[in-house]
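# A closer look at the structure
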Amino acid sequence: MLNPFSMQGKVGIVAGLANQDSIAFGCAQALHHAGAECLVTYASPNAEKFVTPLVGDMGEPELMLCDVQHDDQLDALFARARKRWGRLDFVVHSIAYAPLNDLHGRVVDCSKEGFALAMDISCHSFIRMAKHAEPLMKEGGSLFNMTYYGAEKVVDNYNLMGPVKAALESATRYMAAELGPQGIRVHAVSPGAIRTRAASGLKAFDELAYDGETRSPLRRLASVQDVGNAVVYLASDAGASLTGLTHYVDGGHHLRF
């Protein structure tokens, strides 16, 4: 009997690598260890010096520059996947952004431009990636995004990202319903506080992390590797009957809010 948790022979994209603390790094690393082959993207030429030294830990994946605001770069990413493999089995979207002025203020005070930018990069880019991936998943596949409990309940200082992640979670459910008949599964993964570069933009992040370490049932924060392992389970045959869910990978912290 084949190991249902194996990703041997599976191929896909992991988008959003910034450095070794990135959730994308944990995902690419775990997928590699499970046997998968990946294309890994980073958003800015400035990140190249941080991501290049990580390729050995991810199984020497091909790195590609892909800023999701640029359609030509997104087109090139999926064209490369088509040329290299002719198919995709998974896509991991680990990308989020909001302008600091809008993120640090009240939701009611956020600018029209800041809201639109945060929604485009953090939510609609996932939808665009799914549209690109769909024709490459003729035999099914899985799509993943990263969310946070602040989408469901009000978390101090999460501010603008709360409504944005709520839209992302809702999109996940609708996309799961639309793509399910084709065997394409769609999931939101909800880590707790993790010390990533994106999290550093939140005010009082250290207080949130301390709360996770002291009040979560497991009394620890999740690591990027924990998130990656969850993605492996969901992308593998072991997760074949699951779709449209938000999966908490936070040591149980969401139980305490």
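Residues numbered from 1 in each chain as written. Predicted model: local features only at pLDDT ≥ 70, side-chain atom pairs only at ≥ 80, totals over all residues. Heavy atoms only, no water.

Now for empty space enclosed by the protein. Throughout the structure, instances matching the rule amount to one cavity of 30 Å³ or more. In this model, the largest cavity occupies a volume close to 50 Å³. In terms of lining, the largest cavity is formed by Gly192, Ala193, Leu208, Gly212, Ser216, Arg220, Leu221, Ala222, Asp250 and His253. Split by residue class, the lining of the largest cavity holds four nonpolar, four polar and two charged. (1 Å grid on protein atoms, 1.4 Å probe; cavity = no way out; pocket = protein on both sides within 12 Å on 5 of 7 lines; lining within 4 Å. Points joined across faces, edges and corners; volume = space filled by probe spheres on them. Nonpolar A, V, L, I, M, F, W, Y, C, P; charged D, E, K, R; others polar.)

The next point concerns the packing of aromatic side chains. All told, the structure shown has three aromatic pairs when counted by the stated rule. A centroid spacing of 6.3 Å and a plane angle of 35° characterise the contact between Phe5 and Tyr233, whose relative ring orientation is tilted. Of this pair, Phe5 sits in the segment before strand E1 (11–15) while Tyr233 is found in helix H8 (residues 224–235), placing the two residues 228 residues apart along the sequence. The exposure class of Tyr233 is partly exposed, given its relative accessible area of 34%. (Phe/Tyr/Trp six-rings, centres within 6.5 Å; stacked < 30°, edge-to-face > 60°. Helix = DSSP H or I, 4+ residues; strand = E, 2+ residues; numbered from the N terminus. Buried < 20%, exposed > 50% of the residue type's maximum accessible area, 1.4 Å probe, protein only.)

Glancing now at the pattern of salt bridges. Under the defined criterion, the tally for this structure stands at eight salt bridges. The salt bridge involving Arg84 is made with Glu62; its shortest N-O contact spans 2.8 Å. You can see Arg84 sitting in helix H3 (residues 71–85) and its partner Glu62 sitting in strand E3 (residues 62–65), a full 22 residues away along the chain. A relative accessible area of 24% means that Glu62 is categorised as partly exposed. (Salt bridge = Lys/Arg side-chain N within 4 Å of Asp/Glu carboxyl O.)

What follows deals with helix H6 (residues 161–179). The end-to-end C-alpha distance of H6 is 26 Å, a good match for the 27 Å that 19 residues give at a rise of 1.5 Å each. Those residues of H6 that fall on the buried side of the exposure criterion are Met161, Gly162, Val164, Lys165, Leu168, Glu169, Ala171, Thr172, Met175, Ala176 and Leu179. (Expected span 1.5 Å × (residues − 1).)

Strand order in this open sheet of seven strands is E3-E2-E1-E4-E5-E6-E7, and the pairing throughout is parallel. At either margin of the open sheet sits one strand with a lone partner, and together these are E3 and strand E7 (246–249). The average undirected angle you get between the axes of adjacent strands in this sheet is 20°. Two elements, strand E4 (residues 90–93) and strand E5 (residues 141–146), share four bridges in a ladder whose sense is parallel. Directly across from Val91, in E5, lies its bridge partner Leu143. Contacting E5, strand E6 (184–191) and E7, H6 runs over the sheet at an angle of about 160° to E6. Most of the contacts of H8 go to E6, to which it runs at about 160°, and overall it touches E4, E5, E6 and E7. (Pairing = 2+ DSSP bridges. Axes fitted to C-alpha atoms, helices over the stretch in contact; angles between N-to-C directions. Contact = heavy atoms within 4.5 Å.)

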